[in-house]
Amino acid sequence: MPPKQRYNPEHRFPSVNRDQKRSAVPGWAIVGIFLILLFHFITMAAAFLMPVTLAMLLFFVFSPFRRMMSRRGFNAGISAVIVTIGLIAVVGGLGYFVSGPISEIVEDSPRITQRLEERFSSLRESVKPLEEAAKQIDEVTGGGDEAEIAADATGEAAPDVIGTLPDGALPGQETAVTMEADSGGGTGGEQEIRVRVDTEETSTLQTLASAGPSVAGQIVFTIFLLFFLIASGDLLYLKTVQSFDNLREKRAAYMALREIEASLGSYLGAITLINAGLGIGIGMGMWFWGMPQPLLWGIAAFILNFIPYLGAVTGVAAAFIVALISFDDFYTPVMVAATYFAFTSLEGQLVTPYFVSRRLQLNTVVVFITVALWAWLWSVLGMVVAVPLLVVLKVLADHIPGLERLGNFLAGESPPALEDEDETEARDIVETGDDAEYVPETENGEASLKRRNPAE
């Protein structure tokens, strides 16, 4: 029989047997190794997992629509066709509205480039005193370029090495190059060496063109998978429920699936409407300040606001930089950024908490960490699906026995009280803090807390 745990009044933590602690280490090590391998797999299989995850989330969102259509006599296949055609129309409509402003930006790229050069040159002039001061400090501390160091060591100027790459040299290809060393007084001789061209400058347009087929393929895969999921009707629900043994577990699994679709539908539906209103407001604000392409700014604000916190910060920074390039004064860029920030603050502090159900509000710290984690794993799409996945995790934690504390941790400001723990005791511990004194046993045989006398 294992020894009974004793509570230490000073440390307020249960004393752990040394043998028990030793036996618990391998289990945590296995969990840590599993998490490392899991994150590596998620990152490596991103091209496959991203469209699958997005299609599954959209399936839960559109399941109530499929169920409503079935009650009106339409089968699941017709609902799948309507949903997929609607998504294609939405994506195509956004692309059509964005294509006009983007084409104008491409046509106006020479003027934008010239404007950027002027701004950077003025900025360079403003920081030139700092560069000169840094250069003087470098000279005082013995810094210098490699040619000066070589000249000081040999007493002669270091020879200049001149060479040109042959035509057709490709990145990663080993190429013979004839190098000519010039010591200043004449040619020092020629020598053939072999070099490898490892890098090549690519423009942003070339990067987007290379990533285009991959993104288009993932979009097509997501739409096809969503079509098959919706067309299958309740097959996914049926197979999930059949995987449990008794009737109670089957019922709990079905109710969890229904709550997932209700929570995702409510959250994404409310957020989409709120983001649409935010996009209209920001677009009008950019038009008021005379920003170029206000329609593009409205669409960008609508899309960026699906990314909590980071989307608003990105929009404010982008608006300030573009306004700094577009206008000659400094007042207008500040007001443009302030307008964007005001709209996003109004949305985040007042509109979203009012329209989004309190049961869907999550711990802000957990949301920020989750968005950062999925941004590291899946880049932009990871930031978009981070909060919906967190909503799904919270619903599962509320329904799976043993994970109630995880659901309580993920909840927002007013989490529900746990069944086996008095919420008043938890609040007393937090509010009392270090002034609390642990009392192992009271008259009724239960442990309690009392406030320590400051004079002790």
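Quick word on the packing of aromatic side chains
- Applying the stated criterion across every chain yields a total of 11 aromatic pairs.
- With a centroid separation of 5.6 Å and an interplanar angle of 70°, the aromatic rings of F227 and F228 are classed as edge-to-face.
- Judged by relative accessible area, which is 25%, F227 ranks as partly exposed.
- Consider the rings of Y309 and F368, whose centres lie 6.1 Å apart with planes at 50°: the pair is tilted. In this pair, Y309 is assigned in the loop between α10 (294-304) and α11 (310-326) and F368 in helix α13 (residues 364-399), connecting sequence segments 59 residues apart.
- Every member of this aromatic cluster is reached through a ring pair, and the members are F59, F60, Y237 and Y254.
- Here the basic side chain of R67 rests over the ring of Y237, its NZ or CZ set 5.8 Å away from the ring centre.

Description of the side chain of E347
- Here E347 is to be found in helix α12 (residues 331-355).
- A distance of 2.5 Å separates the side chain of E347 from the side chain of T352, its partner in a polar contact.
- Setting aside residues up to four positions removed in sequence, E347 forms contacts with I274, L278, N305, T352 and P353.

Some details on helix α3 (residues 76-107)
- The end-to-end C-alpha separation of α3 is 46 Å, in line with the 46 Å expected for 32 residues at 1.5 Å each.
- For α3, the full list of buried residues reads A76, S79, A80, V83, T84, V98 and P101.

Looking at the nonpolar core
- Core analysis: the biggest nonpolar cluster contains 42 residues, and F59, F60, L226, L264, V371, W378 and V387 have the highest contact counts within it.
- Where this core is concerned, the elements lending two or more residues are α2 (46-71), α3, α7 (204-231), α9 (247-288) and α13.
- Considering every element that reaches this core, the biggest residue donor is α13, with 14 residues.
- When neighbours within four sequence positions are excluded, W378 is seen to be in contact with I42, A46, L49, M50, T53 and V385.

Some thoughts on the pattern of salt bridges
- This model, assessed by the stated rule, comprises four salt bridges.
- The closest approach of N and O atoms between R66 and D234, which form a salt bridge, is 3.0 Å. Of this pair, R66 sits in helix α2 while D234 sits in the loop between α7 and α8 (235-242), placing them 168 residues apart in sequence.
- Since its relative accessible area comes to 5%, R66 is described here as buried.
- D398 is the partner of K394 in a salt bridge, and the nearest nitrogen-oxygen pair spans 3.1 Å.

Considerations on the confidence of the model for the protein chain
- Here the protein chain averages 74 in pLDDT, while 68% of its residues score no lower than 70.
- Contacts for the low-pLDDT stretch residues 1-16, under 50 throughout, to residues beyond four places or in other chains number 19 contacts.
- Between residues 146-151, whose pLDDT stays under 50, and residues either more than four places distant or in other chains, the model counts six contacts.

Description of the side chain of T222
- Residue placement: T222 occurs in helix α7.
- According to the relative accessible area criterion, T222 is buried, its value standing at 9%.
- Engagement of the side chain of T222 in a polar contact is seen with the backbone oxygen of Q218, the distance being 2.8 Å.
- Aside from chain neighbours lying at most four places away, what touches T222 is P51, L54 and A55.

Structural notes on the packing of α9 against α12
- Interhelical geometry of α9 versus α12 gives an angle of 155° and a closest axis separation of 10 Å. On the basis of their axis angle, the class for α9 and α12 is roughly antiparallel. Crossing of α9 against α12: the hand is right-handed. Of the residues in α12, those touching α9 at A270, I271, I274, L278, G281, I282, G285 and M286 are V336, T339, Y340, F343, T344, E347, V351, T352 and F355.

Side note on α11
- For α11, with 17 residues, the first-to-last C-alpha span of 24 Å sits near the 24 Å given by 1.5 Å per residue.
- The complete set of buried residues in α11 reads G311, G315, V316, A319, A323 and I325.

Re unusual backbone geometry
- Positive phi, normally seen in glycine, also occurs at Q293, with a value near 55°.
- Mapping Q293 onto the fold places it in the loop between α9 and α10.
- Notably, Y309 is not glycine yet its phi reads approximately 65°, a positive angle.
- The class for Y309 is partly exposed, based on a relative accessible area of 39%.

Rules used in this analysis
Residues numbered from 1 in each chain as written. Predicted model: local features only at pLDDT ≥ 70, side-chain atom pairs only at ≥ 80, totals over all residues. Heavy atoms only, no water. Phe/Tyr/Trp six-rings, centres within 6.5 Å; stacked < 30°, edge-to-face > 60°. Buried < 20%, exposed > 50% of the residue type's maximum accessible area, 1.4 Å probe, protein only. Helix = DSSP H or I, 4+ residues; strand = E, 2+ residues; numbered from the N terminus. Lys NZ or Arg CZ within 6 Å of the ring centre and 35° of its normal. Polar contact = N/O pair within 3.5 Å; in protein donor to acceptor, adjacent residues only side chain to side chain. Contact = heavy atoms within 4.5 Å. Expected span 1.5 Å × (residues − 1). Core = buried A, V, L, I, M, F, W, Y, C linked by side-chain atoms within 4.5 Å. Salt bridge = Lys/Arg side-chain N within 4 Å of Asp/Glu carboxyl O. pLDDT = per-residue confidence, 0-100. Axes fitted to C-alpha atoms, helices over the stretch in contact; angles between N-to-C directions. Parallel < 35°, antiparallel > 145°, perpendicular 65-115°, else oblique. Left-handed = near helix turned anticlockwise from the far one by under 90°.

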